[in-house]
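Coordinates in review
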Amino acid sequence: MTNFLTKLKLIYLPYLIVSLLVISTYSFLNWLLIIRLDLILLNQEVVNLWIPIGIGTLAVAIWLRPRIKLLLLKDKRDNLPFLYNFAAAIAIIAPTIIAQEYLITATGKLTSLQTIEQIDLHHLTKYYNLTKHFIDKQHAAAYVRSEVTGRNSEHLEFFIDVVCPIRNDSINKTDQPVAWLGTEYRKGVSNNISRDEKESAYKEFTKATEDEFKNQDLNYFTYLDRIGYTSKQRGFIAAIKTSKIYKGNGDHLIIMEAQTIPFEDRNGDKLQWIFYSFGIGASIWLIMIAIPKLNMATLKKYTPRSWQTDVTAFFKPFTGIRWRNLGVISILIGINVLIFIIMVFAGLGVISFDTADLYKWGANYGPAIKSGEWWRLITCMFLHAGLMHLLMNMFGLILVAAFLKSLLGNLKMGIAYFICGLLASLTSIWWQPSIIGIGASGAIFGLYGVAIALLTTNKTGKGNKKGVLLSFLFFIGVNLLFGLVGNTDNAAHIGGLVSGLIMGYILYFFIEAPKPPRKKRIKIKQEIITPDTGQATEPV
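All figures in this text were calculated on a predicted structure; none of them were measured in a lab.

1. Considering the overall build of the chain
Helices and strands together make up the secondary structure of the chain, namely 16 helices and 8 strands. When burial is assessed residue by residue, the chain has 44% of its 540 residues classed as buried. Counting contacts in the chain only where the partners sit at least 6 residues apart, residues at least 24 apart contribute 75% of the total. Within the structure as shown, the chain displays about 30000 Å² of accessible surface, and the carbon and sulfur contribution to it stands at 62%.

2. Observations regarding the pairing of strand 6 (residues 180–190)
Two strands pair when backbone bridges link them, and strand 5 (residues 155–167) and strand 6 are joined in this way by 11 bridges, in the antiparallel orientation. Paired with D161 across the strands is E184, a residue of strand 6. Judged from the 2 bridges that link them, strand 6 and strand 8 (residues 255–259) form a sheet pairing that is parallel. Bridged to W180 within strand 8 is I255.

3. Overview of the environment of D217
With respect to the helices and strands, D217 occurs in the loop between helix 4 (195–215) and strand 7 (223–226). Taking the C-alpha atoms as reference, D217 lies 10.0 Å from K137; in sequence the two are 80 residues apart. A polar side-chain atom of D217 sits 3.2 Å from the main-chain amide nitrogen of N219.

4. Overview of helix 6 (residues 270–290)
Its 21 residues place the ends of helix 6 30 Å apart at the C-alpha level, agreeing with the 30 Å of an ideal helix rising 1.5 Å per residue. Within helix 6, the full set of buried residues consists of I274, S277, F278, G281, A282, W285, M288 and I289. Mapping the buried residues of helix 6 onto a view down its axis gives an arc of 125°, with all of them on the same face. Among the exposed residues of helix 6, those pointing more than 90 degrees away from its buried face are F275 and I287. The inward-facing, buried residues of helix 6 contact helix 1 (2–36), helix 2 (44–68) and helix 3 (80–107).

5. Points about the side chain of R376
Summarising the element assignment, R376 is placed in helix 12 (residues 376–379). For R376, a relative accessible area of 4% puts it in the buried group.

6. Structural notes on the pattern of salt bridges
Counted according to the given criterion, the structure contains 11 salt bridges. The partner of D161 in a salt bridge is R145, and the shortest N-O contact between them spans 2.7 Å. With D161 in strand 5 and R145 in strand 4 (residues 141–149), the pair connects residues that are 16 residues apart, well separated along the chain. Here E373 ties to R376 by a salt bridge, and the two come within 2.5 Å at their closest N and O atoms. In this structure, a network of salt bridges that share partners links the residues D136, R167 and D175.

7. Things to note about the environment of D225
One can find D225 in strand 7. With relative accessibility at 14%, the residue D225 sits in the buried group. Separated by 97 residues in the primary sequence, D225 and Y128 place their C-alpha atoms 6.6 Å from one another. At a separation of 3.0 Å, a polar atom in the side chain of D225 contacts the side chain of K126.

8. A short note on the nonpolar core
Among the nonpolar cores identified, the biggest contains 47 residues, and I329, L404, L408 and L447 are the most heavily contacted of them. Looking at this core, the elements with two or more residues in it are helix 9 (328–345), helix 13 (387–431), helix 14 (441–455), helix 15 (465–483) and helix 16 (490–507). With 14 residues, the single largest contributor to this core is helix 13. Among all residues touching I329, those that are not within four sequence positions of it are L397, A401, M413 and L447. Ranked by size, the runner-up nonpolar core spans 28 residues in total, among them I11, I53, L71 and A91.

9. Quick notes on helix 4
When the terminal C-alpha atoms of helix 4 are compared, their 31 Å separation across 21 residues agrees well with the 30 Å that a helix rising 1.5 Å per residue should span. Three or more residues of helix 4 are buried, namely K198, A201, F205, T209 and F213. Viewed end-on, helix 4 has its buried residues packed into an arc of 100°, placing them on one side of the element. Of the exposed residues in helix 4, those oriented more than 90 degrees away from the buried face are D196, K203, K214 and N215. Looking at the buried side of helix 4, the elements it contacts are strand 5 and strand 6.

10. Thoughts on the confidence of the model for the chain
The predicted model of the chain averages 83 in pLDDT, with 85% of residues at 70 or higher. A low-confidence stretch, residues 527–540 (pLDDT under 50), is modelled with 13 contacts involving residues beyond four sequence positions or located in other chains.

11. Re the packing of aromatic side chains
Taken as a whole and judged by the stated rule, the model has 18 aromatic pairs. With a centroid separation of 6.0 Å and 20° between ring planes, the pair formed by F82 and F86 is classed as stacked. Note that F82 and F86 are positioned in helix 3 at a spacing of 4 residues, about one turn of the helix. Here F86 falls in the partly exposed class, since its relative accessible area comes to 32%. Pairwise contacts between aromatic rings join Y12, Y15, Y84 and W285 into one cluster. Of note, K137 hangs over the ring of F213, and the distance from its end group to the ring centre comes to 4.9 Å. One Lys or Arg, R266, reaches over the ring of F263 and ends 4.0 Å from the middle of that ring.

The rules behind each value
- Residues numbered from 1 in each chain as written.
- Predicted model: local features only at pLDDT ≥ 70, side-chain atom pairs only at ≥ 80, totals over all residues.
- Heavy atoms only, no water.
- Helix = DSSP H or I, 4+ residues; strand = E, 2+ residues; numbered from the N terminus.
- Buried < 20%, exposed > 50% of the residue type's maximum accessible area, 1.4 Å probe, protein only.
- Contact = heavy atoms within 4.5 Å.
- Areas by Shrake-Rupley, 256 points an atom, 1.4 Å probe, with all protein chains shown as cover.
- Pairing = 2+ DSSP bridges.
- Polar contact = N/O pair within 3.5 Å; in protein donor to acceptor, adjacent residues only side chain to side chain.
- Expected span 1.5 Å × (residues − 1).
- Arc of directions from axis to C-beta.
- Salt bridge = Lys/Arg side-chain N within 4 Å of Asp/Glu carboxyl O.
- Core = buried A, V, L, I, M, F, W, Y, C linked by side-chain atoms within 4.5 Å.
- pLDDT = per-residue confidence, 0-100.
- Phe/Tyr/Trp six-rings, centres within 6.5 Å; stacked < 30°, edge-to-face > 60°.
- Lys NZ or Arg CZ within 6 Å of the ring centre and 35° of its normal.

Given below as structure tokens:
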């Protein structure tokens, strides 16, 4: 009983506190800064999904991981500690994500308008009700796209994004409307079928979509939902830009989705599921910590620390890193940022870029490589899907480069970066030739592979060696885990990591081992006492 109470005090109670703080604090900041005051413009997928995942994972790594070590978790493959950390992270992340989805629908204001033309007279809100409206199908425009998803890229989804002008009446007009109605059609197939079968499935999908669109009454809806900064919005914007009545100003387009359910039912069961998911996670976590015994040897050495001390301990491996004079990495970061800025000023977006635009700018693509556009293997390393993608990659690059700079120098590190990036691009088109690949993450994973390889040798000295190695492994593990969700090119990540590990052991023979610290010679002044007189002689 005493051991169980100890586990409640040292492990379970901190989990509850951290969970509640993450959910409540992040939800409040999201509501205040993004939803209420509209001070920060971020992609909704980033706000509602990726930031909660990042914050939840970081909270577990800083505050719960040291406490999980108090449990006696041992198995043949040493997977139990990871399982406990993963379960704790999921238990925090799940209710946080649901809470953000609830905030969007619960705090959205319904604005009633006589006609869509009156939308400019009001501050933009989330929901709208129109007394008089007409959906102009005659000037509809469409954009076709596809996405490869799944852990092993086994799923292929087709999308057709259709937009129609929202008018006041049925009088034929050719001017650009103040708002558009967007309708998304989608179909999923296996990505493992033959190319002919994919083309056949695509043709069937387009024919079925065309028939459905013709027979669909778009004028029937209870209210309109204004689409925020999401991937769905990007598809609709691309469709609008193909319309004959589009006259520019793509950054201020208002796109709505028709909703047929009563406005009062918009929240669904989100509020209940915030508490359900929190309760389920807390219950599972309680059972998990009740099963194993306490590691008494670790418990004797453990001393409770403040949250500031936990934060300092987590980032301690990086405190000795020199952040200046990164040399060639500064140039690489500058090139990545410069290309991003040029794309922004070219009007391609800020938060995210369209896949078609990324292809034009040099993204990696198997069929294009085979046709002779080999330069894409390199140019894709300097393209990013959007602002968040760029920031995350540059942050990861700075961390590993600051560690490797003193070991490799500019020339070796630059060569390792390009070779690993090139091999990552080749791995990507070999594993999944039909997808568009971009980003510096393949080359960055390569540098992490080099660092991990060298950290297992005697060329990196001692110091914070173990802490840095664990931090790098944690960084790679989290990113590979995230790569299993969504449309992330994990093949490039793994290709870069493996090539980096091999290159690290090759570079081992070209790096001088750190010299041991020189021992200071201490001169000791001695006096010899003669036994006869007791007089001191001159010092030796």
